[in-house]
Amino acid sequence: PIVSHNELITPTIAEKIEALGIDSVQVRSPLTCETSRGVCALCYGTDMSTGRLVEEGLAVGTIAAQSIGEPGTQLTMRTFHTGGIAARGLVENSYRTNFSGSVEIRECNEIEVETEGVQYLTALKRNGEIAVLDDKGRELEKYKVPYGAILKMASGSKVRKGQILVEWDPHRTPILAEKSGVVRFKDIEIGETVRQDAAKSGRAEELIVIEHTGEKHPQIIIEDTSGQILDFHHLPAKARIEVQEGQKIDIGHMLARQPKEVMGSADIVGGLPRVTEVFEARTPKDPAVMAEISGRVELYSDKRKGKMTIRIISESEQEIDHHVPQGKHLLVHTGDYIRAGDALTEGPLIPHDILNIKGEEDLYVYMLEEVQNVYRAQGVPLSDKHIEIILRQMLSKVRVLSPGDTDLLPNEVVDKFYFRDRNNHVATKARISDPGDTSLALEALVSKEELKEANAVAEAEGKSPAKGKRTRAATAKTLLLGITKASLQAESFLSGASFQETTKVLTEASLRGAVDELTGLKENVLLGHLIPAGTGFDPYQKMRVERLVEPPVSEAEEEQQMLHEAAETAEALGAERAPTMVEVMAPADAAEAPGRLEG
């Protein structure tokens, strides 16, 4: 094998794996490490300073904090000189194949459209996919197809490596007709919901939707000749209408387009606050609304004043309404199938929502990417493991929902590992539902061995045995705490108090009767002890030298040893220890020997 289980992946091994064409392998990570205090060496991997497996006792948390903090200082300095250049990332506008194979288009609702005599396929769905398969039908790669994108390949066609699969306009989002028919405007009134603008390409005036409040919701409705409504589209603010009222259109025709916002400065000045926002787990401003369940979408504009209602109906007919401010650009349309956690509107996602809807894994990926994007934009290479260690600390606490049979309290915030430990402890016990003739109390928690023993005794005496039922485990939900909050919630109250809100932390600790075991770095620095890292690491401190041979003993020491042993033997046989003799010199002797007195 190239690499075996629990072996370190070195650059050489990584190259061999890449040469085999393997895209991803499962690796250990600080995020999934099961060590209750710190992380284990195998989950951390390479020590970035030596290139070898990390030594036990290395203060990896401190190194992580320094690795994240250090680039920030240099980069902020640099922006003062350059005046903060707005660095716009290169915008993707197409996907090229990385492999040769055959194309498969999934859930794109693609239709043929003709523009200026050229026929092409366009996607009418927002969450379609295009995949490249090999001869055996195995998936080699897949991409999400944006709404309104042009598909360059039909399903089943063969492609070579490097060919373009999909193209789209990165600077505007189109709104396309999903049915053929006649256009009718609703609530589109110049001066109230739209304004007229001189068009650039020499056409007639262009209508642009303006931000507005009130009861009117501008829509484009598509009807058949008898006036039956076939399809309707809500128009967000800033959308430019591309059709006239009464115009006959075909399916796939562009009804309106919305210019995409130019991203703000991707400089570290725009970036460091973003890093802070992620690490403090703050709700970003103007966030996206996320779907709480998977299902089909229905849009309503008249359920609440000034809000659009997006209703999602799951396969089990569960319905959930999401209310979105009017004029926000929607990423979904009536009839789309979406998955739980997909964004319904544009904007940054709320980390707490990702945790509640999609779970820890997705949250890790999202937060890691968000932080890395800021540093990448500045060309700073930063190993993922540093960010992972900090994320691990942010997600180390749980809130107890129901205590079950454990000694935890409802709504108590405890460490994830402590919570797991309490559950494991309860799992080895049984609750007495019927004590029978044994000495066990009703509803008492006893270990399964005790119950067996008591029953064996009762049966031997011909009495009825006790009955036990399984214990209930506690349930909890993972909490996402910002780094400041996580530091104050630390197990050690000295560590928390040395950071912020000293009085509050110490008061709470004294009310709880907390005990600090001095296991971390900060509390030991505070008391002037040796820190438990590096050579002060616990196993190293407890190390004792084991002598392979006894060192040679001098004659005087040997004599002393013999006298000591003889005295001990005599005492053991009942002899009394002689009183200690003190030599007192006569004054005449003292005068003759001043040197001896001084000595």
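What you are looking at is a predicted structure, and each value in this text was computed from that prediction instead of being measured.

Another aspect to go through is the overall build of the protein. Helices and strands together make up the secondary structure of the protein, namely 17 helices and 28 strands. Contacts in the protein between residues at least 24 apart in sequence constitute 58% of all its contacts with a sequence separation of at least 6.

All right, on to a nonpolar patch on the surface then. The grouping of Ile2, Ile9, Leu20, Ile22, Val25 and Val27 at the surface amounts to a nonpolar patch, some 500 Å² of accessible area in total. Here isoleucine 22 lies in the loop between α1 (11-19) and α2 (41-44). On the basis of relative accessible area, isoleucine 22 is assigned to the partly exposed category, the value being 40%.

Another aspect to go through is helix α15 (residues 555-572). In an α-helix, one turn spans 3.6 residues; hence positions three or four apart end up facing the same way. An ideal rise of 1.5 Å per residue puts 26 Å on 18 residues; α15 measures up with 26 Å between its terminal C-alpha atoms. Looking at the residues trailing α15, positive phi occurs at glycine 574, about 115°.

Turning our attention to the pairing of strand β3 (residues 111-115). The side chains of a regular strand alternate, first on one face of the sheet and then on the other. Two elements, β3 and strand β4 (residues 118-122), share 5 bridges in a ladder whose sense is antiparallel. Along β4, the bridge assignment pairs threonine 115 with valine 118. Hairpin connection from β3 to β4: 2 residues lie between these consecutive antiparallel strands, with glutamate 116 at a positive phi of about 50°.

To continue, consider the side chain of glutamate 178. Structurally, the position occupied by glutamate 178 is in the loop between β10 (172-176) and β11 (181-186). Overall, the relative accessible area of 16% leaves glutamate 178 in the buried class. Not counting residues within four places of it along the chain, the set of residues in contact with glutamate 178 comprises Leu124, Tyr147, Asp231, His233, Ile251 and His333.

This next bit is on the sheet that holds strand β14 (residues 219-223). Sheets are built from strands paired through backbone hydrogen bonds, the pairs being either parallel or antiparallel. Strand order in the open sheet formed by 4 strands is β15-β14-β11-β17, with antiparallel pairing between adjacent strands. Sheet topology places β15 (229-234) and β17 (248-249) at the edges, where each strand pairs with a single neighbour.

Turning our eyes to something else, we now look at the packing of aromatic side chains. Going through the model one piece at a time under the given rule, you end up with 3 aromatic pairs. Ring geometry for tyrosine 95 versus tyrosine 143: centroids 4.5 Å apart, planes at 15°, classification stacked. Of the two residues, tyrosine 95 sits in strand β1 (residues 94-96) while tyrosine 143 sits in strand β6 (residues 139-145), which places them 48 residues apart along the sequence. On the accessibility criterion, tyrosine 143 (18% relative accessible area) is buried. Site record: aromatic cluster; members linked through ring pairs are Tyr95, Tyr143 and Trp168. Between lysine 385 and the ring centre of tyrosine 44, over which it is positioned, the NZ or CZ distance is 4.7 Å.

Attention now goes to the sheet that holds strand β16 (residues 240-241). Taken together, 5 strands build an open sheet; the order of strands is β10-β18-β16-β13-β12 and the sheet is antiparallel. In this open sheet, the two edge strands, each paired with only one partner strand, are β10 and β12 (194-197). Bridging between β10 and strand β18 (residues 254-259) involves 5 bridges; their strand directions are antiparallel. In the sheet register, leucine 176 faces β18, and the bridge partner there is methionine 254.

Once that is clear, we can look at the pattern of salt bridges. Within this structure, the stated rule accounts for 23 salt bridges. The closest approach of N and O atoms between aspartate 134 and arginine 138, which form a salt bridge, is 3.0 Å. Note on aspartate 134: relative accessible area 17%, which makes it buried. Glutamate 501 is the salt-bridge partner of lysine 504, the closest N and O atoms lying 3.3 Å from each other.

Right, let's get into the environment of lysine 328. Relative to the helices and strands, lysine 328 resides in the loop between β21 (319-325) and β22 (337-338). With a relative accessible area of 18%, lysine 328 lands in the buried category. Remark: the alpha-carbon pair of lysine 328 and leucine 344, spanning 16 residues in sequence, is separated by 10.0 Å.

The next subject is the nonpolar core. In terms of nonpolar packing, the biggest core is built from 27 residues, with Phe279, Met367, Ile387, Met394 and Leu480 touching the most fellow members. For this core, the elements supplying multiple residues, two or more each, are α4 (268-279), α5 (351-357), α6 (360-377) and α7 (384-394).

Let us now look at the packing of α6 against α7. Contact geometry of α6 with α7 gives a least axis separation of 10 Å together with a crossing angle of 130°. Classified by the interaxial angle, the pair formed by α6 and α7 is oblique. For the element pair α6 and α7, the recorded crossing hand is right-handed. In contact with Tyr364, Met367, Leu368, Val371 and Gln372 of α6, α7 contributes Asp384, Ile387, Glu388, Leu391 and Met394.

This brings us to the state of the cysteines. On inspection of all chains with the given rule, the structure shows 0 disulfides. Cysteine 40 supplies the cysteine sulfur nearest to cysteine 33, a cysteine that is in no disulfide, at a spacing of 3.6 Å. Classification of cysteine 33 as buried rests on a relative accessible area of 4%. In this model cysteine 43 remains outside any disulfide bridge; the closest cysteine sulfur is found in cysteine 40, 3.6 Å from its own. Classification of cysteine 43 by relative accessible area gives buried; the value is 6%.

Basis of the calculations
- Residues numbered from 1 in each chain as written.
- Predicted model: local features only at pLDDT ≥ 70, side-chain atom pairs only at ≥ 80, totals over all residues.
- Heavy atoms only, no water.
- Helix = DSSP H or I, 4+ residues; strand = E, 2+ residues; numbered from the N terminus.
- Contact = heavy atoms within 4.5 Å.
- Patch = residues over 30% accessible without salt bridge, like charges linked within 9 Å, V, L, I, M, F, W, Y side chains within 5 Å.
- Areas by Shrake-Rupley, 256 points an atom, 1.4 Å probe, with all protein chains shown as cover.
- Salt bridge = Lys/Arg side-chain N within 4 Å of Asp/Glu carboxyl O.
- Buried < 20%, exposed > 50% of the residue type's maximum accessible area, 1.4 Å probe, protein only.
- Expected span 1.5 Å × (residues − 1).
- Pairing = 2+ DSSP bridges.
- Phe/Tyr/Trp six-rings, centres within 6.5 Å; stacked < 30°, edge-to-face > 60°.
- Lys NZ or Arg CZ within 6 Å of the ring centre and 35° of its normal.
- Core = buried A, V, L, I, M, F, W, Y, C linked by side-chain atoms within 4.5 Å.
- Axes fitted to C-alpha atoms, helices over the stretch in contact; angles between N-to-C directions.
- Parallel < 35°, antiparallel > 145°, perpendicular 65-115°, else oblique.
- Left-handed = near helix turned anticlockwise from the far one by under 90°.
- Disulfide = S-S within 2.5 Å.

Scope: geometric values only; no functional claims are made or implied.
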